[in-house]
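Overview (structure and organization)
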Amino acid sequence: MFDAIQIFLEVHAAGSLSGVAKKRNVAVSSISRKIDALEAELGIKLFHRSSRRLLLTDSGEQFLPRAKTIAAELDDARQAMSALNADPRGLLTVTAPAAFGRRHVAPAVASFLNRYPLMEVDLHVSDQIVDLSTQRVDVAIRIGVLPDSDLVASTLAPLYRLTCASPAYLARHGRPAGPQDLLQHNCLTVATPPLPAGWWTYPGVNKEITLPVHGSLRSDDTETLLLAALANIGIVHLASWMVCDYIESGQLISLFPGTSSIPTKIRPGIHAVRMPGRSHAAKAQLFITHLRSAFGEPVYWDRVLRD
């Protein structure tokens, strides 16, 4: 049946049975029998046939996108099986948010290349969201809540945010006893609303709506907020993957580890996404599998939550 579906797609693209027969070097009757068998299997008529032209029926129009999906998934599976029996080689293009890409994706790319020396990776670290349907990107790392789309998404890790401040700031201004006390503190936050899902949000506090915190610094760059917190300016609410090293070194203190480490009801995450049906699907999946292995389960930066 899979071959019949591929022939259906080829006939639709060519607009004739004879064109596909010539390409496959078979008789036109052979192509016709494949289409007849597929129509009988599905119980629908796929084409209006005449001596002059070949047009999709309404049922054929409805079946066309599903046939493309089936063919793409089958191609992905074939490539994946082929990759198991050969050394992966070739170019893979990957994009990642700047801060996360530098901290966590770049080291994983290095270990990936050590493991698969015939592979090449173009890694682009930028906070610009790339349209995978128009640009040749094999894997994109996305952080937050994914919108509905046709992309194939693999969740690499949940996203936790921690409320942190430096020891010097807390010595000078006191440690907030609970999230509500943040309203009396200098909170460093994102400059432009709306805030991403989960920012300054805590289970059981303020009906789990973002707390209306304020402070002396707002920025559209989370690295800037982190540096300000390390400089004793105020309190931040940043992803665990960004602050874990500073908490372990004692440069930052996690204020509410029992509550702020719980994902919001929206459950944002860290994801790897790719376009279905791309020719590099097997290599893309190989890279995603390597990311999972490199990050660990649970991911290594969330050890601060366990500790």
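Just above sits the structure.
Here goes a summary of the coordinates provided. (Residues numbered from 1 in each chain as written. Predicted model: local features only at pLDDT ≥ 70, side-chain atom pairs only at ≥ 80, totals over all residues. Heavy atoms only, no water.)

1. Here's the deal with the pattern of salt bridges
- In total, this model carries nine salt bridges according to the counting rule given.
- For Arg102, the salt bridge identified is with Glu223, shortest N-O distance 3.8 Å. In this pair, Arg102 sits in helix H5 (residues 98-115) while Glu223 sits in helix H7 (residues 222-230), placing the two residues 121 residues apart along the sequence.
- When its relative accessible area of 49% is taken as the criterion, Arg102 is described as partly exposed.
- In this structure, the salt-bridge partner of Asp245 is Arg303, at a minimum N-O distance of 3.3 Å. With a gap of 58 residues between them, Asp245 in helix H8 (residues 240-249) and Arg303 in helix H10 (residues 303-306) connect regions that are remote in the sequence.
- With a relative accessible area of 48%, Asp245 lands in the partly exposed category.
- Residue classification places Arg303 among the partly exposed positions, given a relative accessible area of 23%.
- Here the salt bridges share partners, and the residues they tie into one network are Asp3, Glu10, Arg24 and Lys34. (Salt bridge = Lys/Arg side-chain N within 4 Å of Asp/Glu carboxyl O. Helix = DSSP H or I, 4+ residues; strand = E, 2+ residues; numbered from the N terminus. Buried < 20%, exposed > 50% of the residue type's maximum accessible area, 1.4 Å probe, protein only.)

2. Some words on helix H3 (residues 28-42)
- If you check H3, its first and last C-alpha atoms are 21 Å apart, about what 15 residues at 1.5 Å a residue would give, namely 21 Å.
- Immediately downstream of H3, the backbone of Gly43 shows phi near 75°, a positive value. (Expected span 1.5 Å × (residues − 1).)

3. With respect to the sheet that holds strand S12 (residues 269-274)
- Taken in spatial order, the five strands of this open sheet run S4-S3-S5-S12-S6, and their pairing is mixed. In this open sheet, the two strands that pair with only one neighbour each are strand S4 (119-125) and strand S6 (152-158). With direction set aside, neighbouring strand axes in the sheet form an average angle of 20°.
- The strands touched by H5 within the sheet are strand S3 (90-96), S4, strand S5 (139-144) and S12, with S4 carrying the most contacts at an inclination of about 175°. (Pairing = 2+ DSSP bridges. Axes fitted to C-alpha atoms, helices over the stretch in contact; angles between N-to-C directions. Contact = heavy atoms within 4.5 Å.)

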